[in-house]
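# Coordinate inspection notes
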Amino acid sequence: MTQPTPVPSSPAVPAQAARESQADPPEPADRAGESGQELRYVGSAGDTEEALRQVTTRAMAARLPRLIAQALRLAWAADPRASAALLVCQVLAGILEAFGLLATTSTITAVISSGEIGDRLRDAAPSLVVLAAAVGLRALLGVAVVALSARVTPRLTREAETLLLDASARAELVAYDHPGFNNRWDSADRGVQSMRGLIPQTQDVIAACASLAAAATVLTVLHPVLLPLLLLGAVPRGLAAVRAARIEYQTTIDTLNERRILGMMRWHISDKHWADQLRSSTIAPFLLDRYQRASDRVQQVTQDAAWRTAKVGTLGAAAGGVAAGLVWGAVVFLLATDRMSVAAAGTAVIGLRTVSTALGGIVASGSRLYSVGLYLDDWDLFLKEAGGHRMRRGSLVLKQPSAFRAEGAGFTYPGKDRAAVAGIDLDVPVGKVVALVGENGSGKSTLAKLLCGLYLPTEGRVTWDGHDVRELDPHELWARLGYVPQEIARWPLQAIDNVTLGQLRSEHEPELSAALAASGTDQVVAELKFGLSTLLAPDYWNGTGLSGGQWQRVGLARAFYRDARLLVLDEPTSALDPRAENRLFASLRTLATDRAVVLVTHRLANVAKADEIVVMEHGRVRERGCCDELLAMPRATGLFRELWELQGER
Ligand SMILES: Nc1ncnc2c1ncn2[C@@H]1O[C@H](COP(=O)(O)OP(=O)(O)OP(=O)(O)O)[C@@H](O)[C@H]1O
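Criteria and thresholds
Residues numbered from 1 in each chain as written. Predicted model: local features only at pLDDT ≥ 70, side-chain atom pairs only at ≥ 80, totals over all residues. Helix = DSSP H or I, 4+ residues; strand = E, 2+ residues; numbered from the N terminus. Buried ≥ 20, exposed ≤ 12 C-beta atoms within 10 Å, placed from the backbone. Contact = placed C-beta atoms within 7 Å. Axes fitted to C-alpha atoms, helices over the stretch in contact; angles between N-to-C directions. Parallel < 35°, antiparallel > 145°, perpendicular 65-115°, else oblique. Nonpolar A, V, L, I, M, F, W, Y, C, P; charged D, E, K, R; others polar. Pairing = 2+ DSSP bridges. Core = buried A, V, L, I, M, F, W, Y, C linked by C-beta atoms within 7 Å. Near = placed C-beta within 6 Å. UniProt positions renumbered as here; feature names shortened; annotations may be inferred. Expected span 1.5 Å × (residues − 1). Left-handed = near helix turned anticlockwise from the far one by under 90°. pLDDT = per-residue confidence, 0-100.

Further remarks concern the overall build of the protein chain. Looking only at helices and strands, the protein chain features 21 helices and 10 strands. Looking at the 650 residues of the protein chain, the share that counts as buried comes to 38%. Considering only contacts within the protein chain whose residues lie at least 6 apart along the sequence, 78% involve residues at least 24 apart.

What follows is the structure, encoded as structure tokens:
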């Protein structure tokens, strides 16, 4: 047995002094921003600036074809047949448009030619039939396009959502402590939502392009000057639409952080989790006031944006109107100077309207598609990078690891300038029970997560069987881990799945019964209406709720059931009744027969049987040894002894 070693802590503030320094609590600083902090979500400004830099007219024009190709690729992956049918419909619609326009010229030519009215109508009949057929078929194709889009879009959205969730599960745990990660997740999620508009907008752009190509061909045949004039007329509207898309995107980005706050406040005010405290503490009006403030800030930004969009739209429309006047003036001029026949002018009128509508469609749907594309980029990037935190570890697999070590390991949370734990040396082989104790915030849970490979150390290293956890396949590593965190996840699944986590090896196996019995979950299950098949979810999900202590038993059963070599129990008995707690600690030795056990707890009496007790203070190891050794330390310097005696007095 090692001698208790009082390790100098940094900074060396004895527990007593630390408590005394906290005796006078500081004045409450948060007075809605008067002198302290107000609720403000801290995002990464760099992302926003980068995103906005991309929203230019040129970028948009260059990006559109790629976006359409991307949309088609995604749609193809989601539903190849429906996507092919959609494309065929669009091409057919374009061809019919051209036929319709040419038939218009023939019809007008026949009707206004000299001769008997009956003969003229007979001559016009074939082109009239073509015209009617083209219009009717185009309408039918329109219906088919709507139906096919409605089929592809939900599949596409579902697929996009699944990929996003998968990418998020592949991010390092530390990602959640980076504000940029949450922002990127939000933007990517918005990408999934905006995907609902992807197919309709793409369809609109393709349809408008097909229509434009058809009408432009016909117009060029009628007179070559018409088309360039028209295209020129569309420029002001195009510029205005791009500007509006930029304002919309900027507004979304500017309000992203506030919307996060709104979402978080909404959850705190409405969720069952805090519902009892919300009522009993009468805090609701105060929270609603905070909600209102954030809401006002969002409204301010959106109102401002709406005003700027209206201004840009008005300018675009005015310039577009002048351009349209020029085009129509040109048609009148060509007609008046006999450079164009009356029949051609009649068709030109229809053709001009078609081209103008198509250009308007390309500009409007194109700018909407571009907005969708910006979010789509965020989604795409998240899939590749998991918000910049994709797990990139090794692939080494350890079947039966048996030695878990921290070697000078430390960890600093993102954005913090002080390490949560530092310079930790710890050795936990299979068969050994190590207890981590210490005051709140001394670094016990952080160290536990380092040993689990959930966090990667920012200094030193953590090894399993001598291999740095960075080299190990993380999923295989966690398959050998039984981890009971302070807050047990309440998965909305049946009791059996909540214990086996969907990894049942075989029905009625002894391991399952043993895990249920060792954790006391067997007693919980015995009271459930459908036993292990009971859905553990609140009543309104058609399930059955459990108490905090019952969930803690389920959490323990989970860890015991796993084929784990390292068992990390972080405050595993905080909600257990004394009998359940006793049973757990009595079985610690048995649990450690073929596992290494790390136990984090404040109930010091329970760690008496641990092989080694590590006393943490300010992120460092202050003392270590077995219970008797630590209790034998002088009263003035022994932190464990002081805490032990305080608990004893209680
Ligand atoms: N997600 C986080 N982001 C930033 N700092 C954190 C985070 N979690 C913990 N910390 C800080 O790291 C330090 C160690 O925290 P840790 O949770 O490891 O302490 P602990 O000893 O387990 O505390 P407790 O006994 O209260 O559970 C504390 O100063 C805490 O404020």
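Turning next to the packing of helix α5 (residues 117–169) against helix α7 (residues 198–222). One way to put it is that α5 packs onto α7 with a least axis distance of 8 Å and a crossing angle of 140 degrees. Judged by the angle between their axes, α5 and α7 are oblique. Together, V145, S149, V152, T153 and L156 of α5 and L198, I199, P200 and Q203 of α7 make up the contact between the two elements. Class assignment for the residues of the contact of α5 with α7 results in six nonpolar, three polar and no charged.

Right, let's get into the pairing of strand β4 (residues 459–464). Direction of pairing for strand β1 (residues 403–411) relative to β4: antiparallel, over a ladder of five bridges. Residue pairing in the sheet places E407 in a bridge with R461 of β4. Of the strand pairs in this sheet, β4 and strand β5 (residues 467–468) are connected by two bridges, and their pairing is antiparallel. Pairing of T463 across the sheet is with D468, part of β5. The antiparallel hairpin formed by β4 and β5 contains two residues in its connecting segment, where D465 sits at a positive phi of about 50 degrees.

The pairing of strands in a sheet comes from backbone hydrogen bonds and takes either a parallel or an antiparallel form. Pairing is mixed in the open sheet, where six strands are placed in the order β6-β7-β8-β3-β9-β10. Two strands in the sheet have a free side with no partner beyond their single neighbour: β6 (481–484) and β10 (620–625). Going from strand to strand, the sheet's axes swing by 15 degrees on average, the running direction of each strand aside. Relative to strand β9 (residues 612–617), strand β3 (residues 433–438) runs parallel, the two being bridged by five bridges. The partner of L436 across the bridge, within β9, is V614. Contacting β3, β9 and β10, helix α21 (residues 639–649) runs over the sheet at an angle of about 95 degrees to β9.

This next bit is on the nonpolar core. Within the largest apolar cluster, 76 residues are counted, with the highest numbers of intra-cluster contacts made by A435, L436, L451 and I613. Here this core gets seven residues from one element, more than from any other, and that element is helix α17 (residues 548–561). Aside from chain neighbours lying at most four places away, what touches L451 is F404, A406, V462, V568 and V598. Listed in part, the 69 residues of the second largest apolar core include L67, A75, V242 and L359.

Time to look at the sheet that holds β1. Here four strands make up an open sheet; going across it, the order is β2-β1-β4-β5 and the pairing antiparallel. The open sheet terminates on both sides in strands that have one partner only, identified here as β2 (421–429) and β5. Together, β1, β2 and β4 form the strand contacts of helix α12 (residues 444–451), whose direction differs from that of β1 by roughly 125 degrees.

A word on the environment of I261. Looking at where I261 falls in the secondary structure, it is placed in helix α8 (residues 226–270). Separated by 30 residues in the primary sequence, I261 and Y291 have C-alpha atoms spaced 8.1 Å apart.

Another point: the site of the ligand. Surveying the vicinity of the ligand reveals the residues D177, Y413, K416, A420, G438, N440, G441, S442, G443, K444, S445 and T446. Looking at the shell around the ligand, its residues break down into two nonpolar, seven polar and three charged.

Within the UniProt annotation, "transmembrane region" (unreviewed entry) is assigned to residues 84–112, 124–148, 205–226 and 315–336. Along residues 84–112 the backbone is 100% helical and 0% strand, and the end-to-end C-alpha distance reaches 43 Å. Here residues 205–226 is 86% helix and 0% strand, with 22 Å between the C-alpha atoms at its ends.

As for its position among the elements, A306 is in helix α10 (residues 284–336). Using a count of 13 C-beta atoms within 10 Å as the deciding quantity, one classes A306 as partly exposed. As for A306 and L398, which are separated by 92 residues in sequence, their C-alpha atoms are 59 Å apart.

Under the 1.5 Å per step criterion, the end-to-end length of α7 is 36 Å for 25 residues, consistent within 8% with the ideal 36 Å. Counting buried positions along α7 yields 20 of 25 residues, so the element is predominantly enclosed.

Bringing unusual backbone geometry into the picture now. What you tend to see is this: most non-glycine residues have negative phi, and most peptide bonds are trans. Even without a glycine there, the phi angle at T282 is positive, about 45 degrees. Positioned with a positive phi, D338 is a non-glycine residue whose angle comes to about 60 degrees. Mapped onto the elements, D338 comes out in the loop between α10 and α11 (342–385).

Glancing now at the packing of α5 against α11. For the pair α5 and α11, interaxial distance at closest approach is 8 Å and the crossing angle is 40 degrees. As summarised for this structure, α5 and α11 are arranged oblique, according to the angle between their axes. Here α5 runs over α11; the crossing is left-handed. Residues A160, L163, L164 and A167 of α5 pack against W379, F382 and L383 of α11. Here the contact of α5 with α11 is composed, by residue class, of seven nonpolar, no polar and no charged.

Before going further, it helps to spend a moment on the confidence of the model for the protein chain. Averaged over all residues, the pLDDT of the protein chain equals 83, while 89% of them reach at least 70. Ranking the elements of the protein chain by mean pLDDT puts helix α1 (residues 15–21) last, at 37, and β4 first, at 98. This model gives residues 1–35 a pLDDT under 50, and the stretch forms 45 contacts once residues within four places in sequence are excluded. Both confidence scores are given for the complex: pTM 0.72, ipTM 0.98.

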